[in-house]
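# Structural features, examined
Here is how the chains run, residue by residue.
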Amino acid sequence: MSDGAQGLSTGWEVAGTAPDACADPSQLDRLDWLPAQVPGTAASALRAAGRWERGDSRDFDAEDWWFRVGFAARRAEAGEQLALELDGIATVADVYLNGEHVLASESMFAAHELDVTGRIREHNELSIRCRALAPLLAVSRRPRARWRTALVSHGNLRFYRTMLLGRAPGFAPAPATVGPWKPVALRRDRGIHVTRSDLRPTLQGGRGVLRVDAALTVLVGAPQVRAATIELSGPSGTHRAQLSLEAFDGDAVAVRGELAIDDVAPWWPHTHGEPALYRARLLVAAGDEHVLDAGSVGFRALEAGGALDRDGIRLSINGVPVFARGAVWTPLDSAMPCSGDVELERALEIVVAAGMNMLRVPGTACYESDRFYELCDRLGILVWQDFMFANLDYPEQDERFMETVAREVRGVLGTLARRPSLAVLCGGSEVAQQVAMLGLDPELADGPLYGELLPSLVADAEVDAPYIPSSPWGGHLPFRPGQGIAHYYGVGAYLRPLTDARLAEVRFASECLAFANVPDDEALEELGAGGAVVHHPRWKAGVPRDAGAGWDFEDVRDHYLRELFELEPAALRSTDPERYLELSRAVSGELMSEVFGDWRRTASTCAGGLVLWLTDLVPGAGWGVLDHRGEPKVAYHHLRRALAPVAVWSTDEGLAGIAAHVANDRPEPLRATLRLALYRDLEIRVDEAQRELELGPHDACTLDVEQILGRFVDVSWSYRFGPPAQDLIAISLERDGEMLSQCFRLPAGRPSRRERPEQLGLTAVVQQRDERTAQLTVSSSRFAYGVRAAVPGFRSDDDAFCVEPGGERVISLRRVSEASGAGTLTALNLDGRMRLEVAA
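Definitions and cut-offs
- Residues numbered from 1 in each chain as written.
- Predicted model: local features only at pLDDT ≥ 70, side-chain atom pairs only at ≥ 80, totals over all residues.
- Heavy atoms only, no water.
- Phe/Tyr/Trp six-rings, centres within 6.5 Å; stacked < 30°, edge-to-face > 60°.
- Helix = DSSP H or I, 4+ residues; strand = E, 2+ residues; numbered from the N terminus.
- Buried < 20%, exposed > 50% of the residue type's maximum accessible area, 1.4 Å probe, protein only.
- Lys NZ or Arg CZ within 6 Å of the ring centre and 35° of its normal.
- Core = buried A, V, L, I, M, F, W, Y, C linked by side-chain atoms within 4.5 Å.
- Contact = heavy atoms within 4.5 Å.
- Pairing = 2+ DSSP bridges.
- Axes fitted to C-alpha atoms, helices over the stretch in contact; angles between N-to-C directions.
- Patch = residues over 30% accessible without salt bridge, like charges linked within 9 Å, V, L, I, M, F, W, Y side chains within 5 Å.
- Areas by Shrake-Rupley, 256 points an atom, 1.4 Å probe, with all protein chains shown as cover.
- Salt bridge = Lys/Arg side-chain N within 4 Å of Asp/Glu carboxyl O.

Quick look at the packing of aromatic side chains now. Inspection of the entire model under this criterion finds 23 aromatic pairs. Considering the side-chain rings of Trp384 and Phe508, the 5.7 Å spacing of their centres and the 25 degrees angle between planes classify their relative orientation as stacked. Separated by 124 residues along the polypeptide, Trp384 in strand β23 (residues 382–386) and Phe508 in strand β27 (residues 508–512) bring together distant segments of the chain. Each member of the pair Trp384 and Phe508 is classed as buried. Linked through ring pairs, Phe171, Trp551, Phe553, Trp613 and Trp623 together constitute an aromatic cluster. Sitting above the plane of the Trp717 ring, Arg720 keeps its charged end 3.8 Å from the centroid.

Next up, the structure:
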């Protein structure tokens with residue numbers, strides 16, 4: 001058994017030096033040391049000391065960085081074994097224990113376990129040298145790349161297993177990750193401990209089968225293993241099965257067998273059911289009974305569809321088609337890529353609240369912590385996992401490099417293969433696209449690395465998830481969106497109209513809809529630019545761009561602001577920057593909502609889409625739908641309504657009118673009322689109708705609005721026989737007086753006139769319900785468009801919402817801080833701000 005791990009997280013110091021200025025630990029005392037924390041990086045330590053902040057251009061790859069910690073420990077006793085666990089060091093590193101060199105590592109993604117039984121004293125010093133990467137990159141005697149990319153700061157990064165984020169000037173500049181970025185611990189084992197635990201759960205019909213292939217190490221003096229049992233505890237009770245034992249490799253014992261559960265509770269993504277998990281334990285009889293934790297497993301059947309290079313990913317879970325939607329994941333803090341448990345849980349709960357059921361860990365980033373994947377299992381979030389390759393021509397003819405990759409991938413698959421959340425494995429990001437766009441032989445992107453090594457390792461690990469060589473992938477040209485896996489930026493960087501989302505016939509978008517999403521004012525205050533933020537250099541520094549391009553993603557957003565609101569962005573930014581920011585926040589969210597509405601239709605070719613990306617790396621208008629603090633932007637709330645498991649939305653079908661779409665992803669039947677209301681002058685109701693709906697579990701339907709009304713009214717104002725008979729269509733999904741979902745369509749265009757509260761008939765009341773919650777009730781006589789409430793100390797569960805004429809919206813508020821004071825209410829068609837007081 002293990003006495004647990006002694007985490008070595010505090011008491012660290014860090015010092016930077018010129019490359020090779022300090023060759024070994026004997027010279028460390030003369031360095032200029034700063035306090036540090038592990039997991040951590042050089043950037044996180046300097047930030048804590050006030051010597052670096054986001055936006056600074058310091059090149060952390062240009063220096064050697066030493067980390068050291070002193071720690072006390074008890075020497076190993078008879079029958080004990082001590083292991084030093086180093087879960088990840090970036091990037092080329094040497095490790096010393098008590099002055100003795102114990103490890104040389106050349107991969108940020110490698111985890112190391114060192115037997116230090118005879119090396120531990122009562123007082124110890126662990127020191128780590130992370131070598132300057134810049135001089136290593138400058139070495140020119142290497143095989144020439146078959147293609148080049150402008151993505152990264154240096155093409156020779158292809159020779160090093162390290163993260164590209166922090167080294168991609170256009171969208172992910174400094175800091176580069178340098179240091180022990182994952183946990184360091186001293187583990188003490190005695191008696192019996194698990195050295196390998198391969199659990200493979202499968203769902204066969206309604207029967208769950210768990211295959212066990214584990215290895216136990218029996219240390220000197222421990223009793224002989226006489227029997228072993230696997231135990232699963234979960235929703236259907238506790239289940240056990242006897243395992244077979246087989247001695248091998250001296251003091252190791254192989255433990256194998258199967259456990260079947262006839263009434264197993266299956267695992268579902270949270271949008272479609274309960275993510276049921278079973279806790280696994282190995283019960284080992286050796287003298288006394290030893291209980292060894294084997295983690296959690298979930299039982300689910302996954303299918304990916306037909307030919308992936310033609311049809312893309314079409315996921316079915318437990319026989320049910322799942323529209324996969326979510327975002328590309330990035331580290332929550334670019335200076336601390338290994339996020340803390342609290343921060344991870346909060347971020348993933350925000351993902352769930354948005355109706356997102358998939359996250360992609362991209363090849364430009366890093367493998368996430370075990371805690372990340374555990375939380376995805378528990379919360380019901382599917383994971384698209386890239387291996388850490390992107391854009392570059394990696395040296396796949398280099399035998400040593402390929403051996404390093406093989407060790408890396410085996411370790412990753414050993415962690416992930418058992419997890420029910422794992423849905424897709426991908427060779428990397430934009431390698432095939434890079435090759436094709438340069439007009440090179442497509443076979444270059446499907447050679448020894450992506451076409452042989454990676455798929456063979458996936459097959460050997462018996463992973464129940466599809467593998468694709470690269471993203472995007474498929475068709476004659478992988479960047480064409482109509483086949484295979486797409487990176488869809490038609491609506492976005494390529495400035496296509498909204499109709500392109502359907503015209504492109506996307507099958508699955510593993511990246512899409514990248515916009516410079518504007519965060520709230522609190523986040524912008526960190527730019528330190530004052531009221532002229534949109535004209536400040538630090539504002540532009542937070543806007544992503546393609547390296548070498550003469551435009552950035554703010555230009556993209558401005559293009560659509562002009563299209564949607566018929567305003568000139570440059571003039572608006574100059575004369576009314578506050579209004580410019582208001583409309584800019586709305587633009588990207590409305591575009592995302594429209595595109596996902598089209599893709600989610602029952603008749604759509606698309607089976608999923610992942611927004612680029614979830615969280616900003618730096619303050620400003622980045623790609624994230626969450627800002628750099630993890631707070632939702634306006635775009636997030638538009639997506640949340642569009643992606644909800646139970647939702648109603650509409651699409652403009654041109655001469656075919658307006659279609660209303662209803663989805664019930666939940667496992668229970670849905671009985672509800674679909675209510676239509678048509679308004680003129682954004683206030684006067686001119687028509688209404690309703691229909692009772694019954695949808696089965698995991699069901700959806702599409703209805704013609706004019707068919708529900710029972711007559712033609714040119715609802716989309718496509719025939720234009722005269723002025724529009726209605727300029728607002730409200731479509732609501734209701735049950736027993738409860739609003740389940742609501743959407744609006746404006747066939748004559750968005751409101752262009754701002755009105756005073758009394759003209760809109762707008763009222764708002766905040767009522768505190770208890771110490772932690774309050775309720776906001778907003779009523780309006782006329783249509784209120786893009787309503788936002790800011791109440792100090794509270795976060796609302798909805799934002800940028802609309803209020804139907806003569807209706808009201810009730811919004812829940814949760815206390816998140818002790819801040820207090822009057823709040824404000826705004827709307828895109830409201831002139832000024834309304835004051836909000838919290839009533840007891």
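Let us look at the nonpolar core. Phe372, Phe387, Trp539 and Trp599 are the most contacted members of the largest nonpolar core, which totals 162 residues. Ranked by residues supplied to this core, first place goes to helix α14 (residues 577–599) with 10 residues. For Trp599, the contacting residues outside a window of four places in its chain are Phe323, Tyr488, Ala501, Val506, Ala509, Cys512, Ser604, Cys606 and Gly609. Formed by 36 residues, the second largest nonpolar core is a distinct cluster that contains Phe71, Ala73, Leu84 and Val184.

Moving on, we get to the sheet that holds strand β24 (residues 422–426). Judged by pairing direction, the sheet is parallel, and its eight strands sit side by side in the order β25-β24-β23-β22-β21-β28-β27-β26 without closing on themselves. The two strands at the open ends of the sheet, each matched to only one other strand, are β25 (467–468) and β26 (485–488). The pairing of strand β21 (residues 324–328) with strand β28 (residues 608–611) spans four bridges and is parallel. Looking across to β28, one finds that Ala327 is bridged to Val611. Packing against the sheet, helix α5 (residues 370–379) makes contact with β22 (358–361) and β23, and its axis sits at approximately 145 degrees to β23.

Taken together, the side chains of Leu655, Phe712, Tyr719 and Phe721 make up a nonpolar region of the molecular surface, amounting to roughly 500 Å² of accessible area. For Tyr719, the location among the structural elements is in the loop between α16 (705–709) and β34 (728–735). In this structure Tyr719 comes out as partly exposed when scored by relative accessible area, which is 37%.

Bringing the pattern of salt bridges into the picture now. Pairs can form between side chains of opposite charge whenever their charged atoms are close. Considering all chains together, one arrives at 77 salt bridges under this definition. Across the pair Arg161 and Glu408 runs a salt bridge, and its minimum N-O distance is 2.9 Å. Placement of the pair is Arg161 in the loop between α2 (133–137) and β10 (184–190) and Glu408 in helix α6 (residues 399–416), with a sequence separation of 247 residues. Here the two residues Arg161 and Glu408 agree in accessibility, since each one is buried. Here Arg795 ties to Glu631 by a salt bridge, and the two come within 2.7 Å at their closest N and O atoms. Here Arg795, found in strand β39 (residues 794–796), pairs with Glu631, found in the loop between β28 and α15 (634–643); they are 164 residues apart in sequence, far enough to count as distant.

The phi angle of most residues is negative, glycine excepted, and most peptide bonds adopt the trans form. In this structure, Pro175 follows Ala174 across a cis peptide bond, with omega equal to 20 degrees. Considering the arrangement of structural elements, one finds Pro175 in the loop between α2 and β10. Note the cis peptide between Leu612 and Trp613, where omega equals -10 degrees. For Glu462, which is not glycine, the phi dihedral falls at a positive 55 degrees. Positionally, Glu462 belongs in the loop between α8 (448–460) and β25. Overall, Glu462 belongs to the partly exposed group, its relative accessible area being 48%. Phi is positive for Leu513, which is not a glycine, with a value near 55 degrees.

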